[in-house]
Amino acid sequence: MKELNRKIRIAIVLDENNANAHDLILEAFFEPEILEIFTPVVYGSLHMLKQESSRLQIRYNALVVGNASQADPDALNFVDITGRNAVEVAKKEYEADLFDAFIVVPMSREVTNQLRNAVIPNQVIKRQENDIKAIPLMCTNQLCVAYVVAESNDIANITTDSIETKARVMHSTLRRDLRQDNPRVAILSLNPEIKPDEESIEIKVIAPAVSKLVNTGIPVFGPYAYADFFESGKHLDFDAVLTMTREQAQAPFLSMYDGNGIALAAGIAPLVISPVKIDGDNKATVDSFREAIYTCIDVYRSRYFFDLPYANPLPKMYHERREDGEKVRFAVKKRPEDGEQKESAPKGEASESKTDSEKKEENKEVSNS
């Protein structure tokens, strides 16, 4: 497991044809002080970067390198991927242990699904993740939201098992990545109101999922009526919220948080984060991009300290009976029951006491005579 006495390397993967993604690089790294906290390796189009630099009249100072192994720890390193698949190039270099995490601009399901099978290099702890697609956990300083299905016409995929799986992934992500010791997750209804109908999805599907999670020790609550949950401020009582559809998850970002935030790909082994602005055109802002950088560094360190106690577990000092049938070490002896004879003294002690009594009898006979 890597030590933290160094700056971490983050791969920033840009869409080759996305001008907004290259604009973020120019604006975020205009002040070089940000390079003091991490080493960026940008995978993008050098032609697009030059074009946007001329359009915005922002000069850049990037070091063009062939791959991440040539990166300068104190420079903005740029790998030109024109004509190549940026995600595949970055994935191979990640598996070669050339950097530690991904920032993807913009986030897409196709990209996260490409990265979910990436092999984590040089890890002492090999955490077994569920074989599921990445769950985008959208976060701001006051709100973390995920959803069960992406489209409203996929309501048939909202099942007790799917809700349970998403809630478990959220819970583990909050604990390991976001330093929540015992996170509380609220689960919302699909319909605006919860009706007392036994055939409604809230009672037939969502409520059983909540019961199963609670019985296994995961603190989830609900289902809550979606209609007034965010407007009334109930979300502030929880660490995260699970909605049924993506549209329901995006609504509070648009109404209360100006659409700015980050999306953490939960449920996959590599650390993948993206800046998001949920306003319909999927264009991130420089503020959300900086927040993605800071969050990426924090999550990487949080994972390190979460996994550290499990890195070198102590070996077992003895075998338990249920494993191989041997007696448990340090077993306590049973006390003798009433009416049972106590264990006789060892033969050596018995013979010694008998010899003493015989000697006394002989002494008495000698004195009488």
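One can find the structure itself at the top, above this paragraph.
Described in the following lines is the structure provided in the data block. Please read all numbers here as calculations on a predicted model, not as lab measurements.

**Observations regarding the pairing of strand S8 (residues 185-188)**
Side-chain alternation along S8 places Val 185 and Ile 187 on one buried face and Ala 186 and Leu 188 on a second face that is also buried. In this sheet, strand S9 (residues 220-224) lies alongside S8 in parallel orientation, the contact comprising 3 bridges. Considered in S9, the bridge of Leu 188 is made with Tyr 224. With respect to chirality, the unit in which S8 leads through helix H6 (residues 201-215) into the neighbouring parallel S9 is right-handed. Pairing between S8 and strand S10 (residues 240-245): 3 bridges, direction parallel. Following the sheet pairing, Ala 186 is matched in S10 by Val 241.

**Quick look at the sheet that holds S8**
On the basis of which strands lie adjacent, the open sheet formed by 12 strands has the order S3-S4-S2-S1-S5-S12-S11-S6-S7-S10-S8-S9 and mixed pairing. Each edge of the sheet is formed by a strand with only one pairing partner; in this case those strands are strand S3 (62-65) and S9. Averaged over all pairs of adjacent strands, the angle between strand axes in this sheet comes to 25 degrees, irrespective of strand direction. By the bridge criterion, 4 bridges tie strand S2 (residues 38-44) to strand S4 (residues 76-80) in an arrangement that is parallel. Residue pairing for S4: Val 41 is matched across the bridge by Asn 77. Contacts between helix H1 (residues 19-28) and the sheet are confined to strand S1 (8-14), S2, S4 and strand S5 (101-105), with S1 contributing the most and set at about 145 degrees to the helix.

**Remarks on the packing of helix H5 (residues 160-176) against H6**
Contact pair H5 / H6: the axes reach a minimum separation of 8 Å and the direction vectors enclose 45 degrees. Comparing their axes, H6 and H5 come out oblique. As H5 packs across H6, the resulting crossing turns out to be right-handed. Where H5 abuts H6, its residues Thr 160, Asp 161, Ile 163, Glu 164, Ala 167 and Arg 168 lie against Val 205, Ile 206, Pro 208, Ala 209, Lys 212 and Leu 213. Grouping the constituent residues of the contact of H5 with H6 by class yields 7 nonpolar, 1 polar and 4 charged.

Conventions we followed
Residues numbered from 1 in each chain as written. Predicted model: local features only at pLDDT ≥ 70, side-chain atom pairs only at ≥ 80, totals over all residues. Heavy atoms only, no water. Buried < 20%, exposed > 50% of the residue type's maximum accessible area, 1.4 Å probe, protein only. Helix = DSSP H or I, 4+ residues; strand = E, 2+ residues; numbered from the N terminus. Pairing = 2+ DSSP bridges. Right-handed = clockwise from strand over helix to strand, strands pointing away. Axes fitted to C-alpha atoms, helices over the stretch in contact; angles between N-to-C directions. Contact = heavy atoms within 4.5 Å. Parallel < 35°, antiparallel > 145°, perpendicular 65-115°, else oblique. Left-handed = near helix turned anticlockwise from the far one by under 90°. Nonpolar A, V, L, I, M, F, W, Y, C, P; charged D, E, K, R; others polar.

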